[in-house]
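Now for the letters of each chain:
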Amino acid sequence: MEIGIKSGSPEKQRGACVVAGIFDHRKPSLAAEIIDQASGGHLSAILRRGDMDGKPGSTLLLHDVPGMLCERVLLVGLGKEREFRDKQYRDTVRGVVRLLADTGIAEATLYLTDLPVKKRNLSWAVEQAVIVAEEAMYRFDRMKSKPEETSKQLRKLTLAVPRRGELAMGEAAAARGQAVAAGMKLTRDLGNLPGNICTPSYLAEQARAMAEEMGIGIQILERAAIEKLGMGSFLSVARGSDEPPRFIVLEYRGGEKKQKPVVLVGKGITFDSGGISLKPGAEMDEMKYDMCGAASVLGAMRAAAELKLPLNVVGLIPTCENMPSGRANKPGDVVTSLSGQTIEVLNTDAEGRLILCDALTYAERFEPACVVDIATLTGACIIALGHVASGLLANHDGLARELLHAGDEACDRCWQLPLWDDYAEQLKSNFADMANIGGRPAGTITAAAFLAKFAQKYDWAHLDIAGTAWKSGKDKGGTGRPVPLLVHFLAKRAEKASG
Ligand code: BES
Ligand code: MN
Ligand code: ZN
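Draft legend 1. Representation of the coordination of the manganese ion (ligand 2). On the protein side, the manganese ion (ligand 2) has D272 (OD), D349 (O), D349 (OD) and E351 (OE) as donor atoms, found 2.0 to 2.2 Å from it. Here the manganese ion (ligand 2) is ringed by six donor atoms whose angles at the metal span 69 to 167°, and the overall shape comes out irregular. Of note, the manganese ion (ligand 2) draws all its donor residues from one chain, in the sequence arrangement D-x76-D-x1-E. Between the two metals, the manganese ion (ligand 2) and the zinc ion (ligand 3), the spacing is 3.1 Å, and D272 donates to both. Of the two residues, D272 is situated in strand β11 (residues 268-272) and E351 in the loop between β14 (342-345) and α10 (352-363); the sequence distance between them amounts to 79 residues. Of the two residues, D272 and E351, both sit in the buried class.

Draft legend 2. How the structure looks around the packing of α10 against helix α13 (residues 443-452). Contact pair α10 / α13: the axes reach a minimum separation of 9 Å and the direction vectors enclose 30°. What the angle tells us is that α10 and α13 run roughly parallel. Here the hand of the crossing between α10 and α13 comes out right-handed. On α13, the residues that touch R353, L354, L356, C357 and L360 of α10 are A447, F450 and L451.

Draft legend 3. Spotlight on the coordination of the zinc ion (ligand 3). Protein-derived ligands of the zinc ion (ligand 3) are K267 (NZ), D272 (OD), D290 (OD) and E351 (OE), with the metal-ligand distances lying across 2.0 to 2.4 Å. Between the donor residues of the zinc ion (ligand 3), the gaps in sequence give the motif K-x4-D-x17-D-x60-E. Residue class for K267 comes out buried when judged on its relative accessible area of 2%. Classification of D290 by relative accessible area gives buried; the value is 1%.

Draft legend 4. Geometry of the packing of aromatic side chains. Scanning all chains against the criterion turns up nine aromatic pairs. Relative to W124, the ring of Y89 has its centre 5.6 Å away and its plane inclined at 45°; by these criteria the two rings are tilted. On the criterion of sequence distance, the pair formed by Y89 in helix α3 (residues 86-103) and W124 in helix α4 (residues 122-137) is long-range, its members being 35 residues apart. Here Y89 and W124 have matching classes, each one buried. Judged by centre distance (5.0 Å) and plane angle (70°), the ring pair of F247 and Y362 falls under edge-to-face. Taken as a pair, F247 in strand β9 (residues 246-253) and Y362 in helix α10 lie far apart in primary sequence, 115 residues in all. Counting every residue linked through ring pairs, the aromatic cluster contains F23, F84, Y89 and W124. The ring of Y138 has R188 lying over it, and the distance from NZ or CZ to the ring centre is 4.0 Å.

Draft legend 5. Quick peek at unusual backbone geometry. Here the bond from R481 into P482 is cis, since omega is 5°, no more than 30 degrees from zero. If you check the backbone angles, K119 has positive phi at about 65° while not being a glycine. Turning to its location among the elements, K119 is positioned in the loop between β6 (107-111) and α4. Judged by its relative accessible area of 85%, K119 is exposed. Here the phi dihedral of E283 falls at roughly 60°; this positive angle occurs in a residue that is not glycine. As for its position among the elements, E283 is in the loop between β11 and α9 (292-306). Its relative accessible area of 59% is what places E283 among the exposed residues.

Draft legend 6. Structural detail: the layout of surface pockets. Of the pockets and cavities examined, the largest pocket occupies roughly 1,500 Å³. Lining the largest pocket are 41 residues; nearest its centre among them are R90, R94, E135, K471 and R481. The set of elements that each furnish at least two residues to the lining of the largest pocket consists of α3, α4, α5 (167-192), β20 (470-471) and β21 (477-478). Around the second largest pocket, the lining comprises 34 residues; the ones closest to its centre are K279, D349, T378, G379 and A380. Going through the elements one at a time, α10, α11 (379-385) and α13 are the ones with two or more residues in the lining of the second largest pocket. At five residues, α11 tops the list of elements feeding residues into the lining of the second largest pocket.

Draft legend 7. Representation of the pattern of salt bridges. Overall, the coordinates contain 32 salt bridges when judged by the stated rule. A salt bridge links K55 to D24; its shortest N-O distance comes to 3.2 Å. With K55 in the loop between α2 (42-49) and β4 (59-63) and D24 in the loop between β2 (17-23) and β3 (27-28), this residue pair connects regions lying 31 residues apart in the sequence. Judged by its relative accessible area of 41%, K55 falls in the partly exposed class.

Draft legend 8. Here's a closer look at the pairing of β4. Along β4, the buried face is formed by L60 and L62; none of T59, L61 and H63, which line the opposite face, is buried. Sheet topology places β4 next to strand β5 (residues 72-79); five bridges connect them, and they run antiparallel. Its bridge partner lying in β5, L60 is registered against L75.

Calculation criteria
Residues numbered from 1 in each chain as written. Chains lettered and ligands numbered in written order. Predicted model: local features only at pLDDT ≥ 70, side-chain atom pairs only at ≥ 80, totals over all residues. Heavy atoms only, no water. Donors = N, O, S within 2.8 Å, 3.2 Å for Na, K, Ca; no water. Tetrahedral: all angles 85-135°; square planar, octahedral: opposite > 155°, others 65-115°. Helix = DSSP H or I, 4+ residues; strand = E, 2+ residues; numbered from the N terminus. Buried < 20%, exposed > 50% of the residue type's maximum accessible area, 1.4 Å probe, protein only. Axes fitted to C-alpha atoms, helices over the stretch in contact; angles between N-to-C directions. Parallel < 35°, antiparallel > 145°, perpendicular 65-115°, else oblique. Left-handed = near helix turned anticlockwise from the far one by under 90°. Contact = heavy atoms within 4.5 Å. Phe/Tyr/Trp six-rings, centres within 6.5 Å; stacked < 30°, edge-to-face > 60°. Lys NZ or Arg CZ within 6 Å of the ring centre and 35° of its normal. 1 Å grid on protein atoms, 1.4 Å probe; cavity = no way out; pocket = protein on both sides within 12 Å on 5 of 7 lines; lining within 4 Å. Points joined across faces, edges and corners; volume = space filled by probe spheres on them. Salt bridge = Lys/Arg side-chain N within 4 Å of Asp/Glu carboxyl O. Pairing = 2+ DSSP bridges.

Structure, rendered in structure tokens:
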């Protein structure tokens, strides 16, 4: 979809449709008031009649409004002005975009970005509008034999900013939104692809294609090289599958040579059957999404490169399948990680931490400014935080605060859980340095406590995205989260690094 930024009055816009908001109790927004004046009170007459009361989600499409050069005016209800916050703004834009697409209106100019959203400014509103619009228009029909009917298409969206002096800022915000949206699309596509196509080697090839397109350095290690490194924990998971593993190393060098990189580590299990600790059959198909951490690292790095962030970013992706077989991990097996620490595998379904721990050790060689890992790690996180917030755990409070803030700015929130030493007690093993599970209580925290044992040499945070990376049910599909959070985090780091 083409996105444009424009300034200028709504009554002067030509084209198919102008969109303006009405607050609850028939209170016109600024843009609606201008339209009302230009049309000689046409809107207020309609409002008085009660055809549009401003309730959230309500819409009214008007044709040939007097005094307007455009073909249509779409009024959209915004709800109470006092309660108009992030969610209401995003819901409004999403609703408008869906309605335009469903009605077959090919092009529209939105007078929504200057609506008074609590604690937000114009730049935020433009970026969010772009992200939400691209998100709403997303389709995944690559696996259908014929593409679904798409005769109706929304070709172009123009976002109006109030003043000419705000055009440049609007353009910059739109560019940021488009980079985030493109990263999210990559992440969603990879997540939605089935496990028989999106295998570890396919994921690696997609990473290579993205890296080459964006000018990012890439190295893909195959089994022999991973063995040589000594990633015994990662390999113990990979061994159960006929699909060979890959270890993907991406290096985006946007910052000064001596600047320490931010390292992103993504869980890349392309299918998680549970292994010998086999999962129950219901909804097991959703375990094709167990590589969404990896996909979000690719999406975020793509956006960082597109935005030319002056920052060094390394991406590390251990990727394999978790399958039962004669060579698979068995409960009770003891494996030796790259760090030298030994692990008793009490449950083969706690495989994410087994592949991540070796990647965390590998991260040390980059002398990172910080390391953030992203993983669909625990079902317990869905119980704790639902599908709203990603779980956040960290060994450094400053880093945790940065991520919390980035999530808030990006409307892609995370919520911190404690990582006190007390929880590590649950990982004690009679036979190895640690067990790979800590029992049912606080499952998200004990998973992070396990990872923390491999992240002692640098500032580290962990995002558990089990509840946020995809949706189940009739809207089943990848969400592209937490790409917005990660891009905001990286952008803020870049800002600070370049003074
Ligand atoms: N990939 C799963 C976590 C998961 C489960 C994500 C459901 C989204 C939905 C992970 O590998 C796993 O199986 N975790 C186990 C850990 C347990 C064995 C300690 C879990 O959460 O049940
Ligand atoms: Mn598992
Ligand atoms: Zn898993």
